[in-house]
Amino acid sequence: MTLETQPVVINFGPQHPSTHGVFRLVLTVDGEVVIDAKMVLGYLHRGVEKLAEEKTHIQNITFTDRLDYLSAMSNNFAYVQAVEKLAGIAVPERAEYIRVIMAELQRIASHLMAMGTFYQDVGGWGSPLMYMFRDREKILDLFEMACGQRLTCNYMRPGGVSMDLPPEFIPELKKFIPAMRAYLDEYEELIAENEIFKVRTRGVGILPKELAIDAGASGPVLRASGVRWDLRKDDTYSIYDRFDFDVPVGTVGDCYDRFMVRLEECRQSLRILEQAVRDIPGGPWINPGVRGNIWAPPGEAYAHVEGPKGELGFYLVSDGGVGPYRFKIRSPSYINLTALKEMTLGWKVADAIIILGSIDIVMGEVDR
Amino acid sequence: MTRIVPLDTARVVRELEAAVPGAVVEYTPDYIRVKLERLVEVAGFLKTTPGLEFNYLVSVTAVDYYPYYFELVYHLVSMPHHHSLVLKTRTPDRERVVVPSLVGVWRSAELQELEVYDLMGIVFAGHPELRRIFLWDEFRGYPLRKDYVEELIPLPLPAEPAAPLE
């Protein structure tokens, strides 16, 4: 005898601890298996693209902090590069090094949050997240030392950074690097080698290589599917060509691979930091020719960076004014959700939660 | 260390003219602008032709050139060849805003076209599920248009004050 079950619609979110913000997913389930998934977005839509059209190029830096609020430095980095491209502004050597140091610290901080909350989604309540918060705190302290802000840094400017590093920054960073490396080894032992964790994540939510490229996935989500595509290597911006580092890729494209790619990327970021700390030159930290407002000539520019979540790009159109005519954000969190339906179909509800967690979305960037 | 180089547009236009004649309207070293009706053909050609192989659609967006037309901007990248191209197309004016959808060519367009529809009011013909993604369904107007005026929603009138207790 077979028992027929009726499909049931479950409303997952928008207020739910596992949605990483105000994300709503309407799941249709047959028993416990997901047969349809529909996203409902916009609970955090603030109209940043419209607001930015009314503001100047300099004022808009503060908006970028608030997109992906876990990686403000990377967002600053992408945006100031777009303005520099638009207005043709040169950047001094020291500023480039400071930017790379900040971007890589931010990558570690963002990945720590991603891994900690992901482990929480899988069911490891409490401890791992608290450990990772502890380490992220040290990075935020470094940010505070450099620019006075911990979360919404607003540190970079077209032509450089807003202020020089304080003298105690580099010694503190030198102490941080070996400590962080030891912690990462500990995490791999504690978390990634955990048998229950492996059973929960291996083979779950596979994103095939072809679909990942076609659906525009980027960042760790794309690389976990086996595509070696990292803009730091493949479209070298700033001074990334001076550093020696590897791009970790996954083989299967499941949740476990996405986790491991993030863990390994933290190690590679530490390698970059080591080299940057060794080589950082003295000199000016901002182009002295950039003072006050920037009048960019009419035209358009697209600049991107490899942010912690993926390819973060800014497309600016200028009409010669003091602000942008059109301000478009290519947000990786939003576009990485394109294949969410394919990834969740056929999995149980508990798996749908960890699949969403493994994509690592931040609603500030999805909804903008 | 490699860089994504912008592809020589003159070369792409030569190949396009042979395969999809009459599709290209204008081109500069920075971008190629094609006819609206031929957009899907051009996109399919750019994706599948050996030597071009634009397999990765980075970004879809629209710019409102008030009061003339809307311009659609597509940023394409080829992962195997490390080159990029900016493809553009225009609507005839600000009233006729139906644009063919590119979801059939690149899945990446799916969510991005929803965003353009929601905020700029461009209708993508052939999109599997065109709906408001960020704003609520009853929302009137398209905020990213330059002539958008915020609709002031009147506050409900205060209720009659309750009669004092005897």
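Calculation rules
Residues numbered from 1 in each chain as written. Chains lettered and ligands numbered in written order. Predicted model: local features only at pLDDT ≥ 70, side-chain atom pairs only at ≥ 80, totals over all residues. Heavy atoms only, no water. Helix = DSSP H or I, 4+ residues; strand = E, 2+ residues; numbered from the N terminus. Rg over C-alpha atoms; globule rule 2.2 N^0.38 Å. Buried < 20%, exposed > 50% of the residue type's maximum accessible area, 1.4 Å probe, protein only. Contact = heavy atoms within 4.5 Å. Pairing = 2+ DSSP bridges. Phe/Tyr/Trp six-rings, centres within 6.5 Å; stacked < 30°, edge-to-face > 60°. Arc of directions from axis to C-beta. Buried area = accessible area lost by both parts, 1.4 Å probe. Salt bridge = Lys/Arg side-chain N within 4 Å of Asp/Glu carboxyl O. Polar contact = N/O pair within 3.5 Å; in protein donor to acceptor, adjacent residues only side chain to side chain. Nonpolar A, V, L, I, M, F, W, Y, C, P; charged D, E, K, R; others polar. Axes fitted to C-alpha atoms, helices over the stretch in contact; angles between N-to-C directions. Parallel < 35°, antiparallel > 145°, perpendicular 65-115°, else oblique. Left-handed = near helix turned anticlockwise from the far one by under 90°.

### A look at the overall build of chain B
Scanning chain B from terminus to terminus reveals three helices and eight strands. In chain B, the succession of α and β elements from N to C terminus is β-α-β-β-α-β-β-β-β-α-β. In summary, chain B has a C-alpha radius of gyration of 21 Å against a globular reference of 15 Å for 166 residues, an excess of more than 25%. With the principal axes as the frame, chain B shows a C-alpha extent of 90 × 35 × 30 Å. Buried residues in chain B amount to 53% of all 166 residues. For chain B, the proportion of contacts with a sequence separation of at least 24, taken over those separated by at least 6, is 52%.

### Details of the pairing of strand E6 (residues 299-306) of chain A
All names here are of chain A. Counting buried positions along E6 yields six of eight residues, so the element is predominantly enclosed. Direction of pairing for E6 relative to strand E7 (residues 311-318): antiparallel, over a ladder of eight bridges. From the neighbouring strand, Tyr302 faces E7, where its bridge partner is Tyr315. Connecting E6 to the antiparallel partner E7 that follows it, the hairpin turn spans four residues, and Gly310 within it adopts a positive phi of roughly 150 degrees.

### Some words on the packing of aromatic side chains
When we look at a pair of aromatic rings, we describe it by the centre distance and by the angle of the planes. Residues and elements named next belong to chain A. Applying the stated criterion across every chain yields a total of 19 aromatic pairs over all chains. Taking 5.9 Å as the distance between ring centres and 35 degrees as the angle between the ring planes, the aromatic pair formed by Phe118 and Phe259 counts as tilted. Of this pair, Phe118 sits in helix H4 (residues 93-122) while Phe259 sits in helix H11 (residues 255-279), placing them 141 residues apart in sequence. According to the relative accessible area criterion, Phe259 is buried, its value standing at 3%.

### Here we look at helix H2 (residues 39-48) of chain B
Residues and elements named next belong to chain B. Taken as a whole, H2 has its buried residues at Leu39, Val42, Ala43, Phe45 and Leu46. In an axial view of H2, the angular spread of the buried residues amounts to 160 degrees, which keeps them on one side of the axis. On the buried face of H2, the contacting elements are helix H1 (9-19), strand E3 (32-34), strand E5 (69-78), strand E6 (83-90) and strand E7 (98-100).

### Some thoughts on the side chain of Ser101 of chain B
By the secondary structure assignment, Ser101 of chain B is in the loop between E7 and helix H3 (109-120). For Ser101 of chain B, a relative accessible area of 9% translates into the label buried.

### Considering the interface of chain B and chain A
In this assembly, 43 residues from chain B lie in contact with 47 residues from chain A. For the pair chain B and chain A, the summed buried area comes to about 3700 Å², and 54% of that belongs to carbon and sulfur atoms. Counting every contact that joins chain B to chain A gives seven salt bridges. A salt bridge links Lys146 of chain B to Glu53 of chain A; the shortest N-O distance between them is 3.0 Å. Counting every contact that joins chain B to chain A gives 27 residue pairs in polar contact (both at pLDDT 80 or more). For the side of chain B that touches chain A, the secondary-structure elements that each account for two or more residues are strand E4 (56-65), E5 and H3 of chain B. Per element, the largest residue contribution to the side of chain B that touches chain A is nine residues, and it comes from E4 of chain B. A class-by-class count of the residues in the side of chain B that touches chain A yields 24 nonpolar, eight polar and eleven charged.

### Concerning the sheet that holds strand E1 (residues 7-12) of chain A
Residues and elements named next belong to chain A. Taking strand neighbours across the sheet as the criterion, the three strands line up as E1-E2-E3 in an open arrangement whose pairing is antiparallel. Each of the sheet's edge strands pairs with one partner strand only, and the pair in question is E1 and strand E3 (33-40). Going across the sheet, the axis of each strand differs from the next one's by a mean of 20 degrees, ignoring polarity. Along the sheet, helix H14 (residues 349-359) makes contact with E1, strand E2 (24-30) and E3, crossing E1 at roughly 35 degrees.

### Quick word on the environment of Arg228 of chain A
All names here are of chain A. For Arg228, the position within the fold is in the loop between helix H9 (220-224) and helix H10 (231-234). Through-space distance from the C-alpha of Arg228 to that of Pro248 is 7.8 Å; in sequence the pair is 20 residues apart. Once you skip the residues sitting within four places of it in the chain, Arg228 turns out to touch Asp234, Val247 and Val249. A polar contact is formed between the side chain of Arg228 and the backbone oxygen of Val247, at a distance of 2.6 Å.

### Let's talk about the packing of helix H5 (residues 127-147) of chain A against helix H6 (residues 169-192) of chain A
When two helices pack together, their arrangement is captured by the angle between the axes and the distance separating the axes. Residues and elements named next belong to chain A. Direction vectors running N to C along H5 and H6 enclose 165 degrees, while the axes themselves pass 11 Å from each other. Taken together, the axis directions place H5 and H6 in an arrangement best described as roughly antiparallel. Seen along the crossing, H5 lies across H6 with a hand that is left-handed. Side by side, H5 and H6 meet where Pro128, Tyr131, Met132, Arg134, Asp135, Lys138, Ile139, Leu142, Met145 and Ala146 of the first sit next to Phe169, Glu172, Leu173, Phe176, Met180, Tyr183, Tyr187 and Ile191 of the second. Taken together, the residues that form the contact of H5 with H6 break down as 14 nonpolar, no polar and four charged.

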